[in-house]
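# Working through the structure, step by step
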Amino acid sequence: MAYTVFKHNQTYGPRKGLEGPFHYPNGQVLYYDSKAGEYYDPRTDFYVDRDEVAVLQQSIFDRISA
């Protein structure tokens, strides 16, 4: 199984008011905004649809259980 080593830098380091960053197997990086109750994508500057986040989270569980 291939994996990626993530390096925190200014692009994907801690951000005030957000939890994370959370790195996903497909390379996507999201932050959780607890006030909005949604995940934020810094590359697009938009919140991510909950169904998309569920798919990303499931990909982690699938890799763990494989």
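Quick caveat, the model's predicted, so the values are computed rather than measured.

## Observations regarding the sheet that holds strand E3 (residues 38-41)
Pairing within the open sheet is antiparallel, and its four strands lie in the order E1-E2-E3-E4. Edge positions in the sheet fall to strand E1 (19-23) and strand E4 (46-47), since each of these pairs with one other strand and no more. In this structure, E3 lies alongside E4, joined through two bridges in antiparallel fashion. Across the sheet, residue Asp41 finds its bridge partner in E4, namely Phe46.

## What to know about the confidence of the model for the protein chain
With 85% of its residues at a pLDDT of 70 or more, the protein chain shows a mean pLDDT of 85. Taken element by element, the protein chain is modelled with least confidence in helix H1 (residues 50-65), mean pLDDT 90, and with most confidence in E4, mean pLDDT 97.

Reading guide: rules and limits
- Residues numbered from 1 in each chain as written.
- Predicted model: local features only at pLDDT ≥ 70, side-chain atom pairs only at ≥ 80, totals over all residues.
- Heavy atoms only, no water.
- Pairing = 2+ DSSP bridges.
- Helix = DSSP H or I, 4+ residues; strand = E, 2+ residues; numbered from the N terminus.
- pLDDT = per-residue confidence, 0-100.

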